[in-house]
Amino acid sequence: MKKVVKFGGSSLASAEQFQKVADIIHAQEERRYVIPSAPGKRFDGDSKVTDMLYGCYHLAEAGEDFEKELAEIRERYQEIIDGLGLQISLDGEFDIITKSFREKAGENYAASRGEYLNGIVMAAYLGYEFVDAAQVVRFKDSGEFDAELTNQILGERLSGLSQAVIPGFYGAYGDGRVKTFSRGGSDITGSIVARAVKADIYENWTDVSGFLIADPRIIENPEAIETITYRELRELSYMGAGVLHEDAIFPVRREGIPINIRNTNKPEDEGTWIVESTCQKSKYVITGIAGKKGFCSVNIEKAMMNSEIGFGRKVLQAFEDSGISFEHVPSGIDTMTIFVHQDEFIDKEQKVVSAIHRLADPDSVDIEADLALIAVVGRGMKSTRGTAGRIFSALAHANVNVKMIDQGSSELNIIIGVADEDFEAAIASIYDIFVVAQL
């Protein structure tokens, strides 16, 4: 069996955390390929190394002195090296970084050095081979990740290595220039490596014991999710649930490799399993609840709208022409509502309204701001009668007015629109009726 293991920044913030990680890796010989993030915060108020690198590079880019800031980063790594009793030096690497910063090598290069240096330290501590991600993770000239070329290069490079450390978060263009994924991209690297080595399991170690049914900032000590499908995870991640970078799903999904979210500080916890499909029933009807604030709705009315061919296309063209993407489009016989991100829309609202009138000739256009969208997700909803009724009952009991409801044909999720001010109360009421009531 082969396992790929990725460790987040909080799991590698100090020498003590490194020791925990090494104990986890050595506990199972199947854990053969390791993807480290850059060191995270050691305590409240501390800085992540990646943020320190961004700040340091911005000084270099502005032509200002950055040596003091770079020295602080060097101290962070030296503290880890000394705490682990390693006999390695990063002086040569920091000389290269200093020169590259002065030559303005780019923000992507600067940000990637956190993972790169941590990978060197991790490989030395474990006694594993170090593989620079810039040599094996490829991006196209357009900046798009080249999945197939990467899979070929990475597969060939790792085929002769029984154990290796590959830093997360970055890769390179064909000419060697470093390119990073978006923040949290080490999750993606782990998934890419898992696919390339045909791993049996991809373990993603962080500072929580898997996914929770609801946001712990809203629900006190919410129940954990034992098993979740890729599709359910996509829905929850898109609506704001954190823990795993949503793009990390794709490389392993196509190979059917399960992801196990684990807690570095509680390695005995089973965590959450993310799978393609399962016959295991959810403990509850719903798998999870997630949502976002900051939406607005554009409500369009026109008599006999349903019989006018192309009306919806004309309305959506008004948004497309202004570079605005929509979230949901519930409609009735004579009405159509477009939900959009308020911060994207607010500066272009009158331009969009004018375009709607010009293109679709509606009877009226009305805008409502400060709305939130909540996704109630669960594979168990499809086989359970009355799920929507229970949601409405819970919201009514909490005096929450429903602005919109949208359910796809898959019956995997129900999207509910409420006022921003009702967001927390709505999530709490749904959690209570589906989870607390079942305990």
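Everything here concerns the structure above.
Residues numbered from 1 in each chain as written. Predicted model: local features only at pLDDT ≥ 70, side-chain atom pairs only at ≥ 80, totals over all residues. Heavy atoms only, no water.

*Asks:* Would you mind showing me how to read the sheet that holds strand 8 (residues 227-229) here?
*Replies:* Each strand in a sheet pairs with another by means of backbone hydrogen bonds, the pair being arranged parallel or else antiparallel. Pairing within the open sheet is mixed, and its eight strands lie in the order 3-4-2-1-7-9-10-8. With partners counted over all chains shown, the strands left at the sheet margins are strand 3 (129-130) and strand 8, one partner each. As defined by bridge partners, strand 1 (residues 3-7) adjoins strand 7 (residues 201-206) across five bridges and the pair is classed as parallel. If you follow Val-4 over to strand 7, its bridge partner there is Tyr-202. Sheet contacts for helix 8 (residues 230-238): strand 8, strand 9 (259-263) and strand 10 (272-275); angle to strand 8, the most-contacted strand, approximately 85°. (Pairing = 2+ DSSP bridges. Helix = DSSP H or I, 4+ residues; strand = E, 2+ residues; numbered from the N terminus. Contact = heavy atoms within 4.5 Å. Axes fitted to C-alpha atoms, helices over the stretch in contact; angles between N-to-C directions.)

*Asks:* Just checking my understanding: could you explain the nonpolar core for this structure?
*Replies:* When a protein is soluble and globular, its nonpolar side chains tend to lie buried together. Phe-101 and Leu-158 are the most contacted members of the largest nonpolar core, which has 116 residues in total. Ranked by residues supplied to this core, first place goes to helix 5 (residues 107-126) with nine residues. In contact with Phe-101, not counting residues within four places along its chain, are Leu-53, Cys-56, Tyr-57, Ala-60, Phe-66, Tyr-109 and Ala-110. Counting 17 residues, the second-largest nonpolar core is a separate cluster that includes Cys-296, Val-315, Ile-324 and Ile-338. (Core = buried A, V, L, I, M, F, W, Y, C linked by side-chain atoms within 4.5 Å. Buried < 20%, exposed > 50% of the residue type's maximum accessible area, 1.4 Å probe, protein only.)

*Asks:* Can you help me understand the pairing of strand 16 (residues 413-419) in this one?
*Replies:* Successive side chains on a regular strand alternate, one facing one side of the sheet and the next facing the other. Among the seven residues in strand 16, seven count as buried, and that is most of the element. As paired elements, strand 15 (residues 404-407) and strand 16 share four bridges and run antiparallel to each other. Bridging across to strand 16, Met-404 finds its partner in Gly-417.

*Asks:* Any chance you could explain the sheet that holds strand 12 (residues 326-328) here in plain terms?
*Replies:* Strands sit in the order 12-13-11-14-16-15 across an open sheet of six strands; the sheet is antiparallel. The strands lining the two open edges of the sheet, one partner per strand, are strand 12 and strand 15. Strand-to-strand twist of the sheet, defined as the mean angle between neighbouring strand axes without regard to direction, takes the value 40°. Examined bridge by bridge, strand 12 and strand 13 (residues 335-341) share two bridges and lie antiparallel to one another.

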